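These are the residues of each chain, in order.
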Amino acid sequence: MKKLIATAMILTISMTSAFSATAFAQEVTQTTQRTIEVNGKGIVTAKPDIASIYFTVETKETTAEKAQTKNAEVTEQVTKALKELGIREDAIITQYYSIDVDQNYNEEKQKWEENGYHAYNRFMVKTNDVNNTGKYIDAAIKAGVTNVGSVSFAISDPNQYYKQALQSAVKNASSSAASLAESLGVNLGSCISVQEMASYNSYEREEGVEVAATMAQDTGNMKARAAGANIKYQDIEISASVVMKYAY
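Just so it is clear, the structure is predicted and the values come from calculations on it, not from any experiment.

## Topic: helix α3 (residues 133–143)
Okay, step 1: In terms of burial, α3 is largely enclosed, as nine of its eleven residues are buried.
Okay, step 2: Looking at α3, one finds that the buried residues are T133, G134, Y136, I137, D138, A139, A140, I141 and A143.
Okay, step 3: One or two steps after α3, the chain reaches G144, where phi turns positive at roughly 130 degrees.

Written as C-alpha cells, this is what we have:
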C-alpha cells in the first residue's frame, strides 16, 4: 500500500511539473513576440457647401413695447430682403432674443434711472450659395441689420471624406511599418491589431467679416461703410488616425 501511494505522489509531481513547463513556455512565447507598433494619419481637404451668417438687429426706444415693435419691423425688412435673394424661410433661425432696460447712474440723486429699452434679435441664416455670401450680408445691412457677427463654412456630408482620410491613415501606417522593418533588417509580418483613434473634427471654419455693420446714429454712413462685404473662405480639413501593430 505504501508503495502505491509513493508512486501516485511521483506521478502527481511529474504532471504538475509538465503543466508548469507548458505554461512557462507559453508565457515566454507571448513575452518574446516581436511587434512593431505605428501611428498613421490621413488628411483630406474639401470645399465647404454650407455657409452660416450671424446677424443681429438691435433697436432702442423709450419703452419696451416700442423697442419690440421697432425690432420686429426691421427684422421683417431684413427677412424680406433675404427671401428675395432666394433664402428659404426655414433657413432663417432665431438664436437669441431679449429686451433689456437701459439704465444710467444719476450721481446727484445717487440712484439708477431708466434710459430707454434695447431689443436684441440675433439670428442665423444658412445658404448653400457659399460663393456669394457677401451679397446676403450687403442686402441684410441695407435692410437694417445692425451687426454681422461672423460667417462659418461647413461640409454637409463629411462622412465620405472621413472614409478617404481613414484609408489614407491605414496606408501611411503600413508604409511606416514597412520602413521600420527594412531598417531593422527583418521581414514584416501581418497586421495583428488596428485601432481607429477618436476623431475631433468639427468640419467647420469660421471666417471673419471684413465689413461689419455696427449700430450708429448715422444710418446712411453705416450702410456706406458696409457696402461690398468681401468674404473669403478656405477648404476644410478632415483627418483620421489609426494605431496598427505588426508582427515581425
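## Describing the packing of aromatic side chains
Okay, step 1: Applying the stated criterion to the full structure yields three aromatic pairs.
Okay, step 2: Seen in terms of ring centroids, F55 and F123 are 5.8 Å apart; in terms of plane orientation they differ by 50 degrees. Their pairing is tilted. Placement of the pair is F55 in strand β2 (residues 50–61) and F123 in strand β4 (residues 111–127), with a sequence separation of 68 residues.
Okay, step 3: Between the aromatic rings of Y105 and W112, the centroid separation amounts to 5.2 Å while the plane-to-plane angle is 65 degrees, which identifies the pairing as edge-to-face.
Okay, step 4: Taking relative accessible area as the criterion, Y105 reaches 35% and is therefore assigned partly exposed.
Okay, step 5: With relative accessibility at 56%, the residue W112 sits in the exposed group.

## Brief notes about the nonpolar core
Okay, step 1: Counting 25 residues, the largest nonpolar core has F55, V78, L82, F123, I137 and V145 as the members making the most contacts within it.
Okay, step 2: Secondary-structure elements contributing two or more residues to this core are β2, α2 (64–84), β4, α3 and β5 (147–154).
Okay, step 3: When residues in this core are grouped by element, the largest group, five residues, is from α3.
Okay, step 4: Beyond its immediate chain neighbours, meaning those up to four positions away, F55 contacts L82, N121, R122, F123, V125, Y136, I137, A140, V145, N147 and V148.

The rules behind these values
Residues numbered from 1 in each chain as written. Predicted model: local features only at pLDDT ≥ 70, side-chain atom pairs only at ≥ 80, totals over all residues. Heavy atoms only, no water. Buried < 20%, exposed > 50% of the residue type's maximum accessible area, 1.4 Å probe, protein only. Helix = DSSP H or I, 4+ residues; strand = E, 2+ residues; numbered from the N terminus. Phe/Tyr/Trp six-rings, centres within 6.5 Å; stacked < 30°, edge-to-face > 60°. Core = buried A, V, L, I, M, F, W, Y, C linked by side-chain atoms within 4.5 Å. Contact = heavy atoms within 4.5 Å.

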